[in-house]
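# Results of the structural survey
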Amino acid sequence: MIAYLECFVHENDTESRPDDDVSSLSKALDLQGSIHDCEGPTDEASRDFGGMYSLAPLAFIRPSDADDVARKVKEAARSSNLTVAARGNGHSINGQAMADRGLVLDMRSLDDHFRVVEANNGSFYADVSGGALWEHVLKQCVSEYGMAPRSWTDYLSLTVGGTLSNAGVSGQAFRYGPQTSNVTELQVVTGKGEIFNCSETENSELFFGALGGLGQFGIITRARVLLQPAPDMVRWIRLVYTEFEDFTRDAELLVTRQDEEDSFDYVEGFAFVNSDNPADGRPSVPLDPDQVFDPTHLPRTAGSMLYCLELARHYRHADDPSIVDMGVNRLLGGLGFVERLKFQVDLSYLEFLLRVKRAEEHAKANGIWDAPHPWLNLFVSKSDIADFDRTVIKKILKDGIGGPMLVYPLLRSKWDARTSVVLPESEIFYIVALLRFTPPYPKGPSFKNLVAQNKEIIQYCNKKGFDFKLYLPHYRSQDDWKRHFGNDRWSRFVERKTCFDPMAILAPGQKIFPRVSQP
């Protein structure tokens, strides 16, 4: 039933309601455990990776399976005001997985459900728990079956249900689409506490609504993910550019090539400061400690901001090294990077996909992993990205952000318009991810100043009338959410909410719909 429960109660709550009473809650939920006060062993459910918000839930529950999840949602529905938030690995930025005096479900506690199946058409899939970490899915698929999902996120210590509730993007998305385009079935617990298996042909409205649905229509407890044979090795390459026009031209060329043999398997990019700052300057570009970024190789025309195209090519152990070299050099031919500023390493497929794990370990050792992270993620249309670079990257962000500034193109046609994800209108659009890391000591701008800078960037995009959308969106008013979705998609979003979570119990931290009280 319930593997573990921790409860958090406001110390100075003078307006407790019967539904909020701790002892009655324990009895109502039929919990096999105890409820602790705010001085319990952890407060992880009241915070997230963003580190900017803290909201204490009434209870932190570790369910064992979908039935457990459904029971908790039903009990919340019987109350006058309880809400339920599904929390994966707590990597949200703005409190999206929190529930103020509600129930927070630790999805990592779900039964470890992992099974590889073969469809009638010969395709292979992995059935996995919604609370499984992608890192664990990767390791099991590769080590036991020599296969792997097609589309990833850069950071893999995220849950399957968490990324599918948003989109899940990385350098493979230009070819295969986001993670939401690579799942064929879901098991979902709705806001009514009902459990449904859904797909493109079965309960399709819930299936597409839950994908990218920000947790508003249901809690994903199982997913069937498309697999493909995993390569053995990866040639990982970084190319330096001084001009944004050259950088975007080459990036768009690579992501729009139709033949897989005529392009790389992974295409990303980032902007960095032309300085010796190790966090977001020239030292952040080399891939190996023995490699050195020599600024004398830069042309005299190089400005204060530079750009890096990041590429990867898969290959097998049996492939002749000279053939791999020839293939990579052929793909690099004609690209306009600075010739003497090319960095590359060869590493295993697992090492490549888990590369951010090393950065995480380094950040934890330096004390910045637990510092606030006022990140900003946007999708910006190709038609507006040059203007965005001129004003936002080269002016507003000219001193850097203390972390990566990802900038790379994606293709709209690789995304399924039936999901809840909202995109710019153009076929080619760019993800811009400002992954700020604030130092844990009095140095550099405070996170409040960085939040203000994020707002300045959004205001500029709105003022200029850019075709853009927030990714991992965060708004505080329903009017802002309406503008985010647009009239037609907002109407569909509301219809799905009314159908699958009419009392607005789920994902209260998104701040989209207020809880509907029981009469």
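Everything numeric here is computed off the predicted structure, so don't read it as measured data.

Secondary structure assignment for the protein yields 14 helices and 18 strands. Relative to a compact globule of 519 residues, whose C-alpha radius of gyration would be 24 Å, the protein shows 23 Å and is just as compact. In terms of its C-alpha atoms, the protein occupies a principal-axis envelope of roughly 70 × 55 × 45 Å. Within the span of the protein, comprising 519 residues, buried residues form 57% of the whole. Pairs at least 24 apart in sequence give 77% of the contacts found in the protein among residues at least 6 apart. In the form shown here, the protein has an accessible surface area of approximately 22000 Å², with 48% of it arising from carbon and sulfur atoms.

Its identity is not glycine, yet Arg 101 carries a phi of approximately 55°, on the positive side. Its place among the elements puts Arg 101 in the loop between strand S3 (84-87) and strand S4 (103-106). Phi at Leu 214 is positive, roughly 60°, even though this residue is not glycine. Counting through the fold element by element, Leu 214 comes out in the loop between helix H6 (204-210) and strand S10 (218-229). Judged by its relative accessible area of 8%, Leu 214 falls in the buried class.

The next subject is the pattern of salt bridges. Summed over all chains, the structure comprises 35 salt bridges. The closest approach of N and O atoms between Glu 200 and Arg 418, which form a salt bridge, is 3.1 Å. One end of the pair, Glu 200, is in the loop between strand S9 (195-199) and H6; the other, Arg 418, is in the loop between strand S16 (405-411) and strand S17 (428-434), and 218 residues separate them in sequence. For Arg 418, a relative accessible area of 36% translates into the label partly exposed. Look at the salt bridges and you will find they share partners, linking Glu 44, Arg 62, Arg 87, Asp 106 and Arg 108 into a network.

Next up on the list: the sheet that holds S16. Here eight strands make up an open sheet; going across it, the order is S14-S11-S13-S12-S16-S17-S15-S18 and the pairing antiparallel. Only two strands of the sheet have a single partner each, and these edge strands are strand S14 (342-348) and strand S18 (468-470). Each strand axis lies, on average, 20° off the axis of its neighbour in the sheet, ignoring direction. Summarising the sheet, S16 and S17 pair through seven bridges and their orientation is antiparallel. The partner of Met 405 across the bridge, within S17, is Leu 434. Packing against the sheet, helix H7 (residues 244-256) makes contact with strand S11 (233-241), strand S12 (266-273), strand S13 (305-315), S16 and S17, and its axis sits at approximately 20° to S13. The sheet strands contacting helix H12 (residues 447-463) are strand S15 (376-381), S17 and S18, and the helix crosses S18 at an angle near 150°.

Its boundaries defined by the atoms lining it, the second largest pocket holds a volume of some 1000 Å³. Around the second largest pocket, the lining comprises 41 residues; the ones closest to its centre are Ile 458, Phe 468, Leu 470, His 474 and Tyr 475. Elements represented by at least two residues in the lining of the second largest pocket include exactly S15, H12, S18 and helix H13 (478-485). Per-element accounting of the lining of the second largest pocket gives the leading share, eight residues, to H12. For the lining of the second largest pocket, the per-class residue count stands at 22 nonpolar, eight polar and eleven charged.

This paragraph deals with the packing of helix H11 (residues 382-396) against H12. In the contact formed by H11 and H12, the axes pass within 11 Å of each other and the chain directions differ by 160°. By the angle between their axes, H11 is roughly antiparallel relative to H12. Along this stretch, H11 crosses H12, giving a crossing that reads as right-handed. Facing H11, whose interface residues are Asp 387, Phe 388, Thr 391, Val 392 and Ile 396, H12 presents Gln 453, Glu 456, Ile 457, Tyr 460 and Cys 461.

Our focus in this paragraph is the domain arrangement of the protein. It is common to give the size of an interface as the accessible area lost on bringing the parts into contact. Taken domain by domain, the protein consists of domain 1 (115-229) and domain 2 (233-470). Summarising the inter-unit geometry, the C-alpha centres of domain 1 and domain 2 are found 25 Å apart. On the side of domain 2, 31 residues touch domain 1, which itself brings 31 residues to the contact. Overall, the association of domain 1 and domain 2 removes approximately 2600 Å² of surface from exposure, summing both partners, and the carbon and sulfur fraction of that is 59%. It is Asp 154, Phe 174 and Arg 175 in domain 1 that bury the most area against domain 2; as a group they hold 29% of the surface buried on that side. Where domain 1 meets domain 2, there are four salt bridges. Residues Asp 265 and Arg 175 are paired through a salt bridge, measuring 2.9 Å at the closest nitrogen-oxygen approach. Applying the counting criterion to the domain 1 and domain 2 interface returns 16 residue pairs in polar contact (both at pLDDT 80 or more). Where the side of domain 1 that touches domain 2 is concerned, the elements lending two or more residues are helix H3 (134-145), strand S7 (147-149), helix H5 (173-176) and H6.

Cut-offs used in this document
- Residues numbered from 1 in each chain as written.
- Predicted model: local features only at pLDDT ≥ 70, side-chain atom pairs only at ≥ 80, totals over all residues.
- Heavy atoms only, no water.
- Helix = DSSP H or I, 4+ residues; strand = E, 2+ residues; numbered from the N terminus.
- Rg over C-alpha atoms; globule rule 2.2 N^0.38 Å.
- Buried < 20%, exposed > 50% of the residue type's maximum accessible area, 1.4 Å probe, protein only.
- Contact = heavy atoms within 4.5 Å.
- Areas by Shrake-Rupley, 256 points an atom, 1.4 Å probe, with all protein chains shown as cover.
- Salt bridge = Lys/Arg side-chain N within 4 Å of Asp/Glu carboxyl O.
- Pairing = 2+ DSSP bridges.
- Axes fitted to C-alpha atoms, helices over the stretch in contact; angles between N-to-C directions.
- 1 Å grid on protein atoms, 1.4 Å probe; cavity = no way out; pocket = protein on both sides within 12 Å on 5 of 7 lines; lining within 4 Å.
- Points joined across faces, edges and corners; volume = space filled by probe spheres on them.
- Nonpolar A, V, L, I, M, F, W, Y, C, P; charged D, E, K, R; others polar.
- Parallel < 35°, antiparallel > 145°, perpendicular 65-115°, else oblique.
- Left-handed = near helix turned anticlockwise from the far one by under 90°.
- Domains from an automatic or database assignment.
- Buried area = accessible area lost by both parts, 1.4 Å probe.
- Polar contact = N/O pair within 3.5 Å; in protein donor to acceptor, adjacent residues only side chain to side chain.

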